[in-house]
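Chain residues, written in single-letter form:
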Amino acid sequence: MKIEQLIVENWRGFEGEESITFSTDSEKKVNLIIAENGTGKSNLTEAIHWCLYGDMPESADKPDRKI
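Source: prediction; values computed, not measured.

Caption draft 1: Representation of the environment of Asp-25 in the model. Structurally, the position occupied by Asp-25 is in the loop between β2 (17–21) and α1 (41–53). The sequence separation of Asp-25 and Lys-2 amounts to 23 residues, and the corresponding C-alpha distance is 10.0 Å.

As structure tokens, this is what we get:
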């Protein structure tokens, strides 16, 4: 499975609708999300987890256990 796009709306620290389009090019197998600390990178991985599994990862409320 390849995730093509993530759209979040009022998700945790994100206000309004935000979208990220990921590369699905078979020659580019890695997508990087680079940003300052505290801008919501972990919130995006939590949103993907929630979409796939219907719950939040155990580390969601434990900042010292985040990816």
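Caption draft 2: Representation of the packing of aromatic side chains within the structure. One pass over the structure, following the stated rule, counts one aromatic pair. Ring centres of Trp-11 and Trp-50 lie 5.7 Å apart, and the angle between their planes is 45°; on these two criteria the pair is classed as tilted. Of this pair, Trp-11 sits in the loop between β1 (5–9) and β2 while Trp-50 sits in helix α1, and the two are 39 residues apart along the sequence. The class for Trp-11 is buried, based on a relative accessible area of 16%. When its relative accessible area of 43% is taken as the criterion, Trp-50 is described as partly exposed.

Caption draft 3: Just the confidence of the model for the protein, in detail. For the protein, mean pLDDT is 86; residues scoring 70 or higher make up 91% of the total. Between the elements of the protein, mean pLDDT differs from a low of 90, seen in α1, to a high of 94, seen in β1.

Caption draft 4: Spatial organisation of the pairing of β1. Because side chains alternate across β1, one face comprises the buried residues Leu-6 and Val-8, and the other comprises Gln-5, Ile-7 and Glu-9, none of which is buried. Pairing geometry for β1 and β2, over five bridges, is antiparallel. By the bridge assignment, Gln-5 is partnered in β2 with Thr-21.

Caption draft 5: View of the nonpolar core. Formed by Leu-6, Val-8, Trp-11, Phe-14, Phe-22, Leu-44 and Ala-47, the largest nonpolar core amounts to seven residues. Among the secondary structure elements, those contributing two or more residues to this core are β1 and α1. Residues in contact with Leu-6, not counting those within four places in the same chain, are Glu-18, Ser-19, Ile-20, Phe-22, Leu-44, Ala-47 and Ile-48.

Analysis parameters
Position numbers for residues start from 1 in each chain and track the written sequence from start to end. Predicted model: local features are reported for residues with pLDDT of at least 70 only, side-chain atom pairs are reported and counted for 80 or more only, and whole-chain, interface and lining totals are derived from all residues. Heavy atoms throughout the structure, all of them, feed into the side-chain values; hydrogens and water do not. A run of H or I in DSSP counts as a helix once it spans at least four residues, and a run of E counts as a strand once it spans at least two, with each numbered from the N terminus. The criterion for an aromatic pair is that two Phe, Tyr or Trp rings (for Trp, the six-membered ring) have centres within 6.5 Å, with stacked assigned to planes under 30 degrees apart, edge-to-face to planes over 60 apart and tilted to the rest. For the exposure calls, accessible area comes from a 1.4 Å probe over protein chains only, and a residue counts as buried if that area is under 20% of its type's maximum, exposed if over 50%, partly exposed in between. The predictor reports its confidence for every residue as pLDDT, a score running from 0 up to 100. Note: two strands are recorded as paired if DSSP finds a minimum of 2 bridges between them. Nonpolar cores were defined as sets of buried Ala, Val, Leu, Ile, Met, Phe, Trp, Tyr and Cys residues, with membership established by side-chain atoms within 4.5 Å. Contacts are assigned to residue pairs with any non-hydrogen atoms lying within 4.5 Å of each other.

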